[in-house]
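Secondary and tertiary structure notes
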Amino acid sequence: MNILVCIKRVPSPGTRIVLSEDKQEIVTKNLGFTISPHEECAIEEAIRVKEKFGGTVTVLTLGGSLASEQLRYAMAMGADEAILLQTDGKEWDPMATSNAISDAVKSKDFDLLLFGNESADYGGYQVAIRVAYALNHHCLTGVKSIEIDEGQITAGREAFGGMEIFKIPLPAVVSLKEGINLPRYPSLPGRMRAKRKQIEIIEPIKLPGGIETKQFVSPPELGSHVEILGHGVEAVPKLLSIIKELGFIHK
Amino acid sequence: MILAIIEHNQGTLNHQSLEILSLAKSIDRVEVAIVGENGRSICNGLGKYGVEVAHLLLHNELVDYAPAAWAKSIIQLAHSIKPDVILAIGSERGNEILAHIAAQLNLPMAANCTKIQIKENNCLVTRIRWGGSLLEEAVLKSATYLLTIAQHLYTVKGELEESAVKISEWNVDLEDQDFVGKVVDNLAPEEGKVILTDAHVVVGGGRGVGSKEGFHSLDELAELLGGAVGCSRVVTNHGWRPHADQVGQTGARVAPDLYIACGISGAIQHWVGCKSSKKIIVINTDAEAPIVSKADYAIIGDLHKIIPAINKALKQAND
Ligand SMILES: Cc1cc2nc3c(=O)[nH]c(=O)nc-3n(C[C@H](O)[C@H](O)[C@H](O)COP(=O)(O)OP(=O)(O)OC[C@H]3O[C@@H](n4cnc5c(N)ncnc54)[C@H](O)[C@@H]3O)c2cc1C
Ligand SMILES: Nc1ncnc2c1ncn2[C@@H]1O[C@H](COP(=O)(O)O)[C@@H](O)[C@H]1O
């Protein structure tokens, strides 16, 4: 089984996202960077599939040169190879992104291509599906459990409080959600190995068109209107009368 | 004209998909698309939401959900009726179907819009980023604008006089290939469990709960109020609760009447999952925690003492 995992480098914001003055980007000066949580689970799932069936795990990202940090993290977790579709670091829209990804991998014959259900920052819900159509593969999204058996993948996703089950043949594109597994932390030897590994660098060609971002806007700040009911258990009677007022106590 | 996709599962309406109608009607004339014979039963009930024309897309195999086939059916309809916009709710299925349509037509798609403005030869949208903690203004140029609308933003207005809906039937042309990715089985939810996203009350627990066992009192509180337990990502990362309980950007978006956040600091990625709650009560040792100032009510103190006291008082009130 040769598996591809597509990941994206994103800042990890704290309690508030701060915008640059021209509203063209978020200020990341004091922020760390991470991989979208769904995609971290995709790396973990790929490694587990490889551990069971053999093969290789390749991670790919489209981004600036600094995105190699996230590729190395994935290799430290256990991915074998990495591809960087190197850009000047500016964001590409989903059509350009998926086009670059499918161009880069179409000759590589991966059996399984794993994505996150949605990127943490962009949330376009589409790159995986576009890549699937470009490669002429079947695809499933929002998946929280997978099982592979004789060239078939059985996948479950949450629906109506339970799960709905799909079955498609390999090769396939599947986008995963956090919760499918608990990703491992890279071991120290894993980190050492990852440092020495080569990253294949490709310069992708950007398609024009798609969605053009004009500017970012912070959602309206809610003014604080909190009523502090008190400290400790003394405040419980007050809370109870509020719960009653709101109609949650039936008697 | 706007073509709005109304979601249903085997004839059960996804009420939330009606949220797109009020926005759509404020922009242009609206017609709706419903996929499959078993969606026929919901068509008539749509009159009170102001729907006049429902296009019913028919094929023998259009029974179980199959995103590629659903998308292709809607594309065939669109070829005939030529809508300017195809719109769906930003649900799991809504975003999925629209992305399949976008990929099949090779057109841009904007997910989770909060506002739409159709201009002469482009479309201006405001859409959510970072699960809702940031907004983006963007422009699309396209023959047909493919958009989904963020959930929990617009209310469903069903106050109109019940009127007849004109059903126009379309037999669509599909192949076996289109049905490969279809639902083949459904696992029912656990018996008697209140579903997190449907619950009227959600008791959320965070790192402050401290352990798996620490959730006993939260479970009890949820049960007393007829609600469900939710949690933060720290909790699922520790394995204290299953991920299905996680509220936030990479978990569930909940919109209960009451959210009780216990030992949760209120990082934006958690906040976007619970901010649509009608009332929020916080229990936190730290009066400066970000979630406190965003709440309606707060008790400052140790949840391990406060929640058992609430449970005790609730049981007395119920007796
Ligand atoms: C891309 C991305 C996606 C994410 N998605 C999600 C998501 O879906 N959901 C989510 O929750 N997080 C998500 N996160 C993580 C998020 O940033 C926070 O790390 C997380 O929400 C913090 O959880 P917490 O509030 O439980 O923990 P903390 O931030 O550690 O807060 C614990 C709180 O408990 C209080 N406390 C401690 N002891 C007690 C006590 N005895 N009694 C009362 N209060 C007490 C403390 O004062 C503090 O306020 C995401 C992060 C990223 C980068
Ligand atoms: N720049 C990128 N590089 C690599 N993979 C990406 C990139 N952007 C998106 N993806 C993948 O596509 C998924 C869906 O992204 P999106 O369509 O933006 O929500 C993500 O979870 C990633 O797996």
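In short, a report on the structure. (Residues numbered from 1 in each chain as written. Chains lettered and ligands numbered in written order. Predicted model: local features only at pLDDT ≥ 70, side-chain atom pairs only at ≥ 80, totals over all residues. Heavy atoms only, no water.)

1. Side note on the overall build of chain A
When its secondary structure is counted, chain A shows six helices and 14 strands. Sorting the 251 residues of chain A into buried and exposed places 52% on the buried side. A separation threshold of at least 6 residues defines the contact pool for chain A, and within that pool the share at least 24 residues apart is 70%. A total accessible area of about 11900 Å² is found for chain A, and carbon and sulfur atoms account for 51% of it. For chain A, the centre of its 28 positive side-chain charges and the centre of its 32 negative side-chain charges are spaced 3 Å apart. (Helix = DSSP H or I, 4+ residues; strand = E, 2+ residues; numbered from the N terminus. Buried < 20%, exposed > 50% of the residue type's maximum accessible area, 1.4 Å probe, protein only. Contact = heavy atoms within 4.5 Å. Areas by Shrake-Rupley, 256 points an atom, 1.4 Å probe, with all protein chains shown as cover. Lys, Arg positive; Asp, Glu negative; His and termini not counted. Charge placed at Lys NZ, Arg CZ, Asp CG, Glu CD.)

2. Quick notes on the interface of chain B and chain A
With 85 residues of chain B in contact, the opposing surface of chain A contributes 77 residues. Across the chain B/chain A interface, buried area totals approximately 6900 Å², and carbon plus sulfur atoms make up 62% of it. Its largest share of buried area at the contact with chain A, chain B owes to Glu-92, Trp-130 and Tyr-297 of chain B, together 10% of the area lost on that side. At the surface where chain B touches chain A, the tally comes to five salt bridges. (Buried area = accessible area lost by both parts, 1.4 Å probe. Salt bridge = Lys/Arg side-chain N within 4 Å of Asp/Glu carboxyl O.)

3. Focus on empty space enclosed by the protein
Applying the stated criterion across every chain yields a total of two cavities of 30 Å³ or more. As a volume, the largest cavity reaches approximately 80 Å³. In terms of residue class, the lining of the largest cavity is made up of four nonpolar, five polar and two charged. Approximately 30 Å³ is the volume attributed to the second largest cavity. Residue lining of the second largest cavity: Glu-164 of chain A together with Asn-9, Gln-10, Asp-64, Tyr-65, Arg-93, Val-183 and Asn-186 of chain B, and that is the complete set. Looking at the lining of the second largest cavity residue by residue, the class counts come to two nonpolar, three polar and three charged. (1 Å grid on protein atoms, 1.4 Å probe; cavity = no way out; pocket = protein on both sides within 12 Å on 5 of 7 lines; lining within 4 Å. Points joined across faces, edges and corners; volume = space filled by probe spheres on them. Nonpolar A, V, L, I, M, F, W, Y, C, P; charged D, E, K, R; others polar.)

4. Some words on the sheet that holds strand β9 (residues 134–140) of chain B
Taken in spatial order, the 10 strands of this open sheet run β13(A)-β9(B)-β8(B)-β7(B)-β10(B)-β6(B)-β1(B)-β4(B)-β5(B)-β11(B), and their pairing is mixed. Each edge of the open sheet is held by one strand with a lone partner, namely β13 (211–217) of chain A together with β11 (166–171) of chain B. Direction aside, neighbouring strands of the sheet carry axes that sit 35 degrees apart on average. Pairing of strand β7 (residues 109–118) of chain B with strand β8 (residues 123–129) of chain B involves five bridges; the strand directions are antiparallel. By the bridge assignment for β8 of chain B, Ile-118 of chain B is matched with Cys-123 of chain B. Together, β1 (2–5), β6 (85–89), β7 and β10 (145–149) of chain B form the strand contacts of helix α4 (residues 92–105) of chain B, whose direction differs from that of β10 of chain B by roughly 170 degrees. (Pairing = 2+ DSSP bridges. Axes fitted to C-alpha atoms, helices over the stretch in contact; angles between N-to-C directions.)

5. Some words on the site of ligand 1
Around ligand 1 there are 28 residues in total, and Arg-207, Ser-232, Ser-265, Gln-269 and Asn-284 of chain B lie nearest to it. Mapping the residues near ligand 1 onto chains gives chains A and B. Within the side chain of Ser-232 of chain B, a nitrogen or oxygen atom sits 2.6 Å from an oxygen atom of ligand 1. Relative to its unbound accessible surface of 990 Å², ligand 1 loses 82% to contact with the protein. Going through the elements one at a time, α6 (233–237), α7 (268–274) and α9 (303–318) of chain B are the ones with two or more residues in the shell around ligand 1. (Near = heavy atom within 4 Å. Polar contact = N/O pair within 3.5 Å; in protein donor to acceptor, adjacent residues only side chain to side chain.)

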